[in-house]
Amino acid sequence: MGDTLITVIAIFLAAVLMFVFPLMSISDRNDDISQLSIQTETVEFVNNVRTTGKLTPSNYDAFVKKLSATGNSYDVEIEIKRLDENPGKKSAQTATDKIGENIYYSEYTSQIMEKLEKGTVNLKEGDRITVNVKNTNTTIAQTLKNFFYSMSGNSTYQIEGQHTGVVMANGGK
């Protein structure tokens, strides 16, 4: 009886070592690849907006399609801090002995999406854009980690990308 129990335990451990741990490793690598892809796409998207001064519906749609190509679903948060220059200043980028301060006011994702539905969102030099991307679904790696490590946190995310930049060109209007 003792030998049978040891044999069953050994077979169970062998199965775990042969199948589960390689699956965990592969799913972790898949999340790492998705992480790198998401970060790269986020940086490219923000840099495109920074250099053109425009956030267009087609650019945003292309960005979301590239994100979804990883097989995960994502929550995209965009914040634009618009520069509201003091009227006593002549420009935003030159002399340091100007009167007053630069003040930024923020627009968030819902406001930006409303403007995107109507057309292009134009930015001006000195505005700031921040994009945060987080996965909303549970990946295989998260499921396995939660099972084996008894981690709680279904609301936590595994894959994220974020980038911030200062707009370098006027977008028009």
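Residues numbered from 1 in each chain as written. Predicted model: local features only at pLDDT ≥ 70, side-chain atom pairs only at ≥ 80, totals over all residues. Heavy atoms only, no water.

Helix and strand counts for the protein come out as four helices and six strands. The helix and strand sequence of the protein, counted from the amino end, reads α-β-α-β-β-α-β-β-α-β. Within the span of the protein, comprising 173 residues, buried residues form 30% of the whole. By element, 57% of the accessible surface of the protein is carried by carbon and sulfur atoms, the whole surface being about 10900 Å². (Helix = DSSP H or I, 4+ residues; strand = E, 2+ residues; numbered from the N terminus. Buried < 20%, exposed > 50% of the residue type's maximum accessible area, 1.4 Å probe, protein only. Areas by Shrake-Rupley, 256 points an atom, 1.4 Å probe, with all protein chains shown as cover.)

L55, V76, I78, I80, V131 and V133 are the most contacted members of the largest nonpolar core, which has 21 residues in total. Sorting the residues of this core by element identifies α1 (2-52), α2 (57-68), β2 (74-84), α3 (109-118) and β5 (128-135) as the ones contributing at least two each. (Core = buried A, V, L, I, M, F, W, Y, C linked by side-chain atoms within 4.5 Å.)

What follows concerns a nonpolar patch on the surface. A surface patch of nonpolar side chains, about 420 Å² in accessible area, is lined by L5, I9, F12 and L13. Its location among the elements puts I9 in helix α1. Judged by its relative accessible area of 43%, I9 is partly exposed. (Patch = residues over 30% accessible without salt bridge, like charges linked within 9 Å, V, L, I, M, F, W, Y side chains within 5 Å. Salt bridge = Lys/Arg side-chain N within 4 Å of Asp/Glu carboxyl O.)

Okay, the pairing of β5 next. In terms of strand pairing, β2 meets β5 through eight bridges, oriented antiparallel. Residue pairing for β5: I78 is matched across the bridge by V131. In this sheet, strand β6 (residues 160-166) lies alongside β5 in antiparallel orientation, the contact comprising seven bridges. Bridge assignment links I129 to a residue of β6, and that residue is G165. (Pairing = 2+ DSSP bridges.)

What the rule picks out here adds up to six salt bridges. A salt bridge links R29 to D32, with the nearest nitrogen and oxygen atoms 2.5 Å apart. On the criterion of helical spacing, the pair formed by R29 and D32 is a turn pair, its members being three residues apart in helix α1. Judged by its relative accessible area of 41%, D32 is partly exposed.

With that settled, the discussion passes to the sheet that holds β5. Across the sheet, which stays open at both edges, the four strands sit in the order β3-β2-β5-β6 with antiparallel pairing between neighbours. In this open sheet, the two edge strands, each paired with only one partner strand, are β3 (103-107) and β6. Averaged over all pairs of adjacent strands, the angle between strand axes in this sheet comes to 15 degrees, irrespective of strand direction. With five bridges joining them, β2 and β3 adopt antiparallel strand pairing. Directly across from I80, in β3, lies its bridge partner E107. Seen against the sheet, α3 touches β2 and β3 and runs at an angle of roughly 85 degrees to β2. (Axes fitted to C-alpha atoms, helices over the stretch in contact; angles between N-to-C directions. Contact = heavy atoms within 4.5 Å.)

Structurally, T40 is set in helix α1. Look at T40 and you get partly exposed, because its relative accessible area is 35%. It is 9.4 Å that separates the C-alpha atoms of T40 and Q162, two residues lying 122 residues apart in sequence.

Our focus in this paragraph is the side chain of N72. Within the secondary structure layout, N72 lies in the loop between α2 and β2. Assessed through its relative accessible area of 13%, N72 is described here as buried. A distance of 3.3 Å separates the side chain of N72 from the side chain of Y74, its partner in a polar contact. Polar contacts involving the side chain of N72 include one to the side chain of N137, which spans 3.0 Å. When residues no more than four places from it in sequence are discounted, the contact partners of N72 are S34, L67, N137, T139 and I159. (Polar contact = N/O pair within 3.5 Å; in protein donor to acceptor, adjacent residues only side chain to side chain.)

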